[in-house]
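Residue-level structural notes
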Amino acid sequence: MGETWPGGIVVGVDGSPGSYHAFDWALAAAERHHAALQVTYAEPVPLGPVTPVPAYRPDEIWHESQRILRRAVDRVDARTRGSVPVTAVPAAGGPTSALVASSRDADLVVVGRRGAAATRHLLGSVSSVVASRAHGPVAVVPTRARAGPPNRVVVGVGFDDDPTAMLDLAFAEAQSCRCPIVLLHAVQPSSRVAREAGSARDEDVQAALRGLAYRWGTQYPDVDCRLETRSGGPVSALLEDVTSSDLLVLGGHRHLRAVGRLLGSVPDVLLGDAPCVVAVAHTTRPHVAED
């Protein structure tokens, strides 16, 4: 991704304070990336065994969606209104399906996060399901996260997957925010045996991090890139380092609808526990059939 995002940003709202906080973050991101912003609200159609249940009133749902979308658009101030095109689009089929579909073309999908860490494993969580199934990058915004530009971009770096999508997003954000980026790798205790055997040595890890910093530094020469390694698991290492004013960027694999979320994975836990905005950019897997 470059500094300009032609695909734009899509943010989902549901009328809750947390979703409007996510809208504010998405609006700031759209302004710094010179991107259009689309705000969407999706209401699932309740169905009975054969026909819609009597409680389903299309007119009332339409008016409610217009009210929620209008409240979001009204948060755009006069200064931003001239620089960021904002459109409101109601959608059908439920919020998860609508946002996953939007991720095919958007440069970034943004969704709010409600609830504490204890609720992170609920299968109905829109934020975690969208982050696991989206075709492109997703930013999950907790209510306590800073809505403006981050002070730092922190990237959880592993060496098992292609980091291109993750680092493209992270460096683009660091450049647009004029803030430093930290490439952080956690050296887990289980890898100490391998290091004693001559592999996964500290100098090898540092060399790998320097290689990533050099490769992306040539594309983003103005970004201050810092390298860190920590002992322990990736979750504890990253949670120890980030604050509500940071942006945490993670990689990983997209999970198809038939497979579902990988409960307890590093992205899944951090999406529930991190105090800051968490952006997930999946490794591209072109040979996997679409769900």
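Structure: see above.
In this report, we go over the structure that sits alongside the text. Just so you know, these numbers come straight off a predicted model, no measurement behind them.

On to the packing of helix α9 (residues 234-241) against helix α10 (residues 266-273). Two numbers describe how α9 lies on α10: the axes approach to 10 Å, and their chain directions differ by 30 degrees. With respect to α10, the element α9 is oriented roughly parallel. As α9 runs across α10, the sense of the crossing is right-handed. Counting all contacts with α9, which are made through Pro234, Val235, Leu238 and Leu239, the residues of α10 involved are Val266, Val269, Leu270 and Asp273. Residue composition of the contact of α9 with α10, by class: 7 nonpolar, no polar and 1 charged.

Most of strand β5 (residues 138-142) sits inside the fold, with 5 of its 5 residues counted as buried. Neither face of β5 is left uncovered, since the one carrying Val138, Val140 and Pro142 and the one carrying Ala139 and Val141 both have all their residues buried. Pairing geometry for strand β4 (residues 108-113) and β5, over 5 bridges, is parallel. Within β5, the position partnered with Arg113 by the bridge is Pro142. Here 3 bridges tie β5 to strand β10 (residues 277-280), and the two strands are oriented antiparallel to one another. Paired with Val140 across the two strands is Val278, which belongs to β10.

Attention shifts here to the side chain of Ser65. As for its position among the elements, Ser65 is in helix α2 (residues 58-73). Contacts of Ser65, omitting those with residues within four sequence positions, involve Tyr41 and Pro90.

Another aspect to go through is unusual backbone geometry. Its identity as a non-glycine residue notwithstanding, His34 has a phi of 55 degrees, on the positive side. Mapped onto the secondary structure, His34 falls in the loop between α1 (17-32) and β2 (37-43). Positive phi, normally seen in glycine, also occurs at Arg178, with a value near 55 degrees. With respect to the helices and strands, Arg178 occurs in the loop between α6 (164-177) and β7 (181-187).

Glancing now at the nonpolar core. Ile9, Val110, Val155 and Leu183 are the most contacted members of the largest nonpolar core, which has 53 residues in total. If sequence neighbours within four positions are ignored, Val155 has contacts with Met166, Leu167, Ala170, Ile181, Val182, Leu183, Leu184 and Val249.

This paragraph deals with the pairing of strand β1 (residues 9-12). The side-chain alternation of β1 yields two buried faces, one formed by Ile9 and Val11 and the other by Val10 and Gly12. Sheet topology places β1 next to β2; 4 bridges connect them, and they run parallel. Opposite Val10, over in β2, you have Gln38 as the bridge partner. Running through α1, the crossover from β1 to the neighbouring parallel element β2 is right-handed.

Looking now at α1. Because each turn of an α-helix spans 3.6 residues, side chains separated by three or four positions in sequence point in the same direction. Across its 16 residues, α1 extends 23 Å between first and last C-alpha, which sits within 8% of the 22 Å expected from 1.5 Å per residue. The element α1 is extensively covered by neighbouring structure, given that 13 of its 16 residues are classed as buried. Backbone geometry just downstream of α1 places His34 in the positive-phi region, at approximately 55 degrees.

With that out of the way, let us pick up the environment of Arg230. Its location among the elements puts Arg230 in strand β8 (residues 225-231). The spatial distance from the C-alpha of Arg230 to the C-alpha of His185 is 6.5 Å, given a sequence separation of 45 residues. Residues in contact with Arg230, not counting those within four places in the same chain, are Leu184, His185, Ala186, Val187, Ala237, Glu240 and Asp241.

Let's shift gears to α9. All of the buried residues along α9 are Ala237, Leu238 and Asp241. Viewed along the axis of α9, the buried residues span an arc of 90 degrees, placing them on a single side of the element. Tucked into the core, α9 has its buried residues touching β6 (152-156), β7, β8, β9 (246-250) and α10.

Parameters and conventions
- Residues numbered from 1 in each chain as written.
- Predicted model: local features only at pLDDT ≥ 70, side-chain atom pairs only at ≥ 80, totals over all residues.
- Heavy atoms only, no water.
- Axes fitted to C-alpha atoms, helices over the stretch in contact; angles between N-to-C directions.
- Helix = DSSP H or I, 4+ residues; strand = E, 2+ residues; numbered from the N terminus.
- Parallel < 35°, antiparallel > 145°, perpendicular 65-115°, else oblique.
- Left-handed = near helix turned anticlockwise from the far one by under 90°.
- Contact = heavy atoms within 4.5 Å.
- Nonpolar A, V, L, I, M, F, W, Y, C, P; charged D, E, K, R; others polar.
- Buried < 20%, exposed > 50% of the residue type's maximum accessible area, 1.4 Å probe, protein only.
- Pairing = 2+ DSSP bridges.
- Core = buried A, V, L, I, M, F, W, Y, C linked by side-chain atoms within 4.5 Å.
- Right-handed = clockwise from strand over helix to strand, strands pointing away.
- Expected span 1.5 Å × (residues − 1).
- Arc of directions from axis to C-beta.

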